[in-house]
Amino acid sequence: MVEKPRVATASLCGCFGCHMSLLDIDERILQLVDLVTFDRTPLTDIKTLGDCDLGLIEGGVANAENVEVLREFRRCCKTLVAVGACAVNGGIPAMRNQFGLAECLRESYCEGIGVHNPGIPNDPEIPLLLNQVHPIHEVVAIDYVLPGCPPSADAIWTFLTELLEGRPIAFPYTQIHFD
Amino acid sequence: MNASTAVTVEGFVAESLVTHGRDPRHLLQHLIRVQQRFSCVPDAAVEALSAALDVTRTQVRAAIAFYAFLHERPRGAFEIRFSDNITDRMLGSRRLIRLLIERLELSGLPAWGRDLIRDDGRVSVGLASCTGMCDQGPALLVNGQAVTNLDAQRVDRIADLVQEGIPLERWPGEFFRVENNIRRHGLLLSNPANDGAALHRLIDEGADDALAEVERSGLRGRGGAGFTTAIKWRFCREAPGIDRYVVCNADEGEPGTFKDRVLLTDYADLVIEGMTVCAGVIGARRGFLYLRGEYRYLLPHLESVLQRRRAEGLLGTMILGRDGFDFDIEIHLGAGAYICGEESALIESLEGKRGVTRKRPPFPVTSGFDDQPTVVNNVETFLAAARVVQWGGYWLRGEGTDQSAGSKILSVSGDCAWPGIYEYPFGTPVHQVLSDCGAENTQAVQISGAAGATLSPADFDRIIAFEDLPTAGSFMIFDDSRDLLDMVRNFAAFFAHESCGFCTPCRVGGALLRNLVEKVAAGQGSEYDLSEMRHIGAVMRQASYCGLGHTAPNHVLNTLDKFPQIYRRRLEREAHTPSFDLDSALSEARALTGRDDIGAHIRAQIPEGSEVSA
């Protein structure tokens, strides 16, 4: 029996909305698990990454750990896809790029309303934030981008099934219009 | 702002309104005068102009924001702008900028859109796009006046004059001397004399005959695009309209071009005669000469030529006594916007607005200034048209090639012994220009400006003609001691700065190209970045709204093809490199948390393929 393609997913600086949208394929998830084997992904709760055919990345790059995870995905995945606005452009988290990091952290941890025990966390277990939030293609090479906030379940389904079948990826208009 | 300044500003605006009228289309011209007088456009002027011209405050502010030479807040009392074309840089402008900054006790370096302003308001130092003095650079503008032939001594002296607060009128005259440097006279340049002969011919033989001569000559526009002049004039003549206009495009903004400056200096009569002939042919009563702000020093000269021609009956009402032949010309100044060299942006600017290009069609010949039929031609085209009408179409055909009749005036600069103006018959090969101007060991020629084409020695047998190498006249030479990536960096920054911002492919694409070029120059680029440059360049060519965006990636795409080594020798060996320095991106967080443990750093990328995954 031919081994099924292995798929891994990760959410970097995102809201998990793209993963939720993936789950919105509903019962087609049963077809999907027939088609692929899931490696590291929040869906399986597997924490370590093996060699994969496809990696789906949600979220932008906002801290040191995001860089590490993203690089590991790039090393292990033959094809890497930026899924959703945050991975593609930085998205909502990148709105902090308008402000300095110090300003953001002071507002959140020192001066904001209702802050107790103020102070910027410095525990070595907590990944340091980057000065700015970046789209993932600024850190590693990306093979595909799947825009949307989030991309619809149907768009994700079309993308996955056509990619897995080795067809050129084409979306019907209803899946890519934004109005 | 105190009350007395407010009165002065309002008084000045009121005076300007009396002298130059309340046509809202004169907004830009009023703004330029206010800027010259007050080193900025103060709020009081915005209010006064908005009320008097019946344009909204937002429109006034939008114009100020758009034009590089207009400011809402004062720059220095001496506003110095170094011309930042690659040819200025090759002549050592960067060193001179540093020298001046040091002498004036400023810190940092000016960048596009970022001027250094001294705290006491005495002086500011900034950059300008090519000021058209490439054959006598490095050059700068001080309060809009061109200073040429800069060297350390001259910059030193300028610093003294600024420190002592000596007004410009008392600066040494030789600082402002601009040479013509005409090195080769051809059909057009060999005879500057003009006695209204073309106009006499027009009146004697009639407009149909004049147009027939232009048609016979095969004259094509000298601004670069090469549209047949007679067709343009005929379309305009036959287009329905209430009024018709003649516009001379003297917004010579293409980096490395300076021939129009020379033509307007020594051949202004012929240029104006060409415009007047055109007016006679198409039936226009008003014309405009749109003069780039960098050539403002030519304004008194041009005004005096216009005045003399009015006195001689060659301009104004009843030209040469002919009843009903009325035509006059106004000079409008630009204010530092490259895009205004594009004809529809130029017309928008003539109408006092931001120089954003119009959708075409309709073309200006049917709907130009004030939505009326308008001919827009280059300075050199009008000059040639005057001679064609005077001497007949066959005269022009005596030189050149089948598809490119006559001659082309080139602005030669860069690495050669004799930079300046050269007029050649169309069909002249590049190598002949190189040998005539004393260029040796030439590595590359950038023809037709930053938006033009990069030529390698393999192209030097090609000919200057519309059918092979069309050019607006810029001819910048780079010898083998130059790093061509410096040229690419200069042009990429230029286009990112000059994009009008209207359409995304040009606005964003230009910035992306500049960033990628800088990344490669910093030794952080990868093969992937080169393919991105090609990709972005292709999108800009295909999807931009106007010619600026279509041509902005040319220099990158040309050099990627013809001079790949200037990129490749700087590439990292990885297939992909981050677009920013990852470890320094943690600097702020490290400082805020006081951490410096291993987790507080990001190690350099491990080259792909060098690590075997399990």
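This one's a predicted model, so the numbers in the text were calculated from it and none came from an experiment.

**Section: the interface of chain A and chain B**
Accessible area lost upon the coming together of the parts is a frequently used measure of interface size.
Okay, step 1: Listed as interface residues are 27 residues of chain A and, on the opposing side, 27 residues of chain B.
Okay, step 2: Approximately 2,200 Å² of surface area, both sides summed, lies buried where chain A meets chain B, with 57% of it carried by carbon and sulfur atoms.
Okay, step 3: The largest contributions to the chain A side of the interface with chain B come from A:Arg71, A:Leu128 and A:Asn131, which together make up 29% of the buried area.
Okay, step 4: At the boundary of chain A with chain B, the tally comes to zero salt bridges.

**Remarks on the confidence of the model for chain B**
Detailed reading of the predicted model is not advised wherever pLDDT is low.
Okay, step 1: Residue-level pLDDT values for chain B average 94, and 97% of them are 70 or greater.
Okay, step 2: pLDDT under 50 marks residues 609–614 of chain B. Its contacts with residues more than four places away, or in other chains, come to five contacts.

**Details of the sheet that holds strand S2 (residues 37–38) of chain A**
Either a parallel or an antiparallel arrangement is found when strands of a sheet pair, and the pairing is made through backbone hydrogen bonds.
Residue and element names in this part refer to chain A.
Okay, step 1: Pairing in this open sheet of five strands is parallel, and the strands run S2-S1-S3-S5-S7 from one edge to the other. Edge positions in the sheet fall to S2 and strand S7 (144–146), since each of these pairs with one other strand and no more.
Okay, step 2: For strand S1 (residues 6–11) and S2, the ladder comprises two bridges, and the chain directions are parallel. For valine 7, the partnering residue across the bridge sits in S2 and is phenylalanine 38.
Okay, step 3: Strands in contact with helix H3 (residues 64–76) are S1, strand S3 (52–58) and strand S5 (77–83); relative to S5, the strand with the most contacts, it is inclined by about 135°.

**Concerning the pattern of salt bridges**
Residue and element names in this part refer to chain B.
Okay, step 1: Scanning all chains against the criterion turns up 58 salt bridges over all chains.
Okay, step 2: A salt bridge links glutamate 238 to arginine 234; the shortest N-O distance between them is 3.7 Å. Of this pair, glutamate 238 and arginine 234 both sit in helix H10 (residues 229–238), four residues apart, which is roughly one turn of the helix.
Okay, step 3: For glutamate 380, the salt bridge identified is with lysine 259, shortest N-O distance 2.9 Å. Here glutamate 380 is found in helix H15 (residues 379–391), whereas its partner lysine 259 is found in helix H11 (residues 259–266), with 121 residues between them in sequence. Lysine 259 carries the same exposure label as glutamate 380, and that label is buried.
Okay, step 4: Beyond isolated ion pairs, a larger network of salt bridges with shared partners links Asp269, Glu273, Arg308, Arg309 and Glu312.

**Focus: the packing of helix H2 (residues 28–35) of chain A against helix H6 (residues 153–164) of chain A**
Residues and elements named next belong to chain A.
Okay, step 1: One way to put it is that H2 packs onto H6 with a least axis distance of 12 Å and a crossing angle of 25°. Considering their axes alone, H2 and H6 lie roughly parallel with respect to each other. The crossing of H2 and H6 is left-handed. On H6, the residues that touch Arg28, Gln31, Leu32 and Leu35 of H2 are Asp154, Trp157, Leu160, Thr161 and Leu164.
Okay, step 2: Here the residues of the contact of H2 with H6 sort into five nonpolar, two polar and two charged.

**Some thoughts on the packing of aromatic side chains**
The description of an aromatic ring pair uses the distance of the two centres, along with the angle that the planes make with each other.
Residues and elements named next belong to chain B.
Okay, step 1: Going through the model one piece at a time under the given rule, you end up with 15 aromatic pairs over all chains.
Okay, step 2: Between phenylalanine 78 and tryptophan 171, the aromatic rings sit 5.7 Å apart at their centres with planes inclined by 25°, giving stacked as the arrangement. One end of the pair, phenylalanine 78, is in strand S1 (residues 78–83); the other, tryptophan 171, is in the loop between helix H7 (152–164) and strand S6 (182–184), with 93 residues separating them in the sequence. Tryptophan 171 shares its class with phenylalanine 78; the two are buried.

**Remarks on a nonpolar patch on the surface**
Okay, step 1: Together, A:Phe16, A:Met20, A:Leu23 and A:Leu43 make up an exposed nonpolar region whose accessible area comes to about 340 Å².
Okay, step 2: Structurally, the position occupied by A:Phe16 is in the loop between S1 and helix H1 (17–23).

**As for the environment of B:Gln153**
All names here are of chain B.
Okay, step 1: Tracing the chain through its elements places glutamine 153 in helix H7.
Okay, step 2: With a relative accessible area of 64%, glutamine 153 lands in the exposed category.
Okay, step 3: When the C-alpha positions of glutamine 153 and leucine 96 are compared, they lie 9.7 Å apart, and in sequence the two are 57 residues distant.

**Details of the sheet that holds strand S2 (residues 116–117) of chain B**
All names here are of chain B.
Okay, step 1: Overall, mixed pairing links the five strands, which are arranged S2-S3-S1-S4-S5 in an open sheet. Edge strands, defined here as strands with exactly one partner in the open sheet, are S2 and strand S5 (145–147).
Okay, step 2: Both S1 and strand S4 (residues 140–142) contribute to a ladder of three bridges, which runs antiparallel. Bridged to phenylalanine 82 within S4 is leucine 140.
Okay, step 3: Against the sheet, helix H6 (residues 93–103) engages S1, S2 and strand S3 (123–128), with an angle of about 160° to S1.

**Observations concerning unusual backbone geometry**
Okay, step 1: Omega for the peptide link from A:Cys149 to A:Pro150 comes to -10°, which places this bond in the cis form.
Okay, step 2: Here A:Pro150 shows up in the loop between S7 and H6.
Okay, step 3: Following B:Pro361, the chain continues to B:Pro362 via a peptide bond in cis, the omega torsion being 5°.
Okay, step 4: One can find B:Pro362 in the loop between helix H14 (343–350) and strand S10 (374–378).
Okay, step 5: One non-glycine residue, B:Asn143, lies in positive phi territory at about 45°.

**A word on the packing of helix H19 (residues 504–521) of chain B against helix H20 (residues 527–543) of chain B**
Residue and element names in this part refer to chain B.
Okay, step 1: Orientation of H19 relative to H20, taken along the N-to-C sense of each, is 160°, at an axis distance of 10 Å. Compared by their axis directions, H19 and H20 come out roughly antiparallel. When you trace H19 past H20, the crossing you get is left-handed. In this structure, H19 contributes Pro505, Cys506, Gly509, Gly510, Leu512, Leu513, Leu516, Val517, Lys519 and Val520 to the contact, and H20 contributes Asp529, Leu530, Glu532, Met533, Ile536, Val539, Met540 and Ala543.
Okay, step 2: For the contact of H19 with H20, the per-class residue count stands at 13 nonpolar, two polar and three charged.

Parameters and conventions
Residues numbered from 1 in each chain as written. Chains lettered and ligands numbered in written order. Predicted model: local features only at pLDDT ≥ 70, side-chain atom pairs only at ≥ 80, totals over all residues. Heavy atoms only, no water. Contact = heavy atoms within 4.5 Å. Buried area = accessible area lost by both parts, 1.4 Å probe. Salt bridge = Lys/Arg side-chain N within 4 Å of Asp/Glu carboxyl O. pLDDT = per-residue confidence, 0-100. Pairing = 2+ DSSP bridges. Helix = DSSP H or I, 4+ residues; strand = E, 2+ residues; numbered from the N terminus. Axes fitted to C-alpha atoms, helices over the stretch in contact; angles between N-to-C directions. Buried < 20%, exposed > 50% of the residue type's maximum accessible area, 1.4 Å probe, protein only. Parallel < 35°, antiparallel > 145°, perpendicular 65-115°, else oblique. Left-handed = near helix turned anticlockwise from the far one by under 90°. Nonpolar A, V, L, I, M, F, W, Y, C, P; charged D, E, K, R; others polar. Phe/Tyr/Trp six-rings, centres within 6.5 Å; stacked < 30°, edge-to-face > 60°. Patch = residues over 30% accessible without salt bridge, like charges linked within 9 Å, V, L, I, M, F, W, Y side chains within 5 Å. Areas by Shrake-Rupley, 256 points an atom, 1.4 Å probe, with all protein chains shown as cover.

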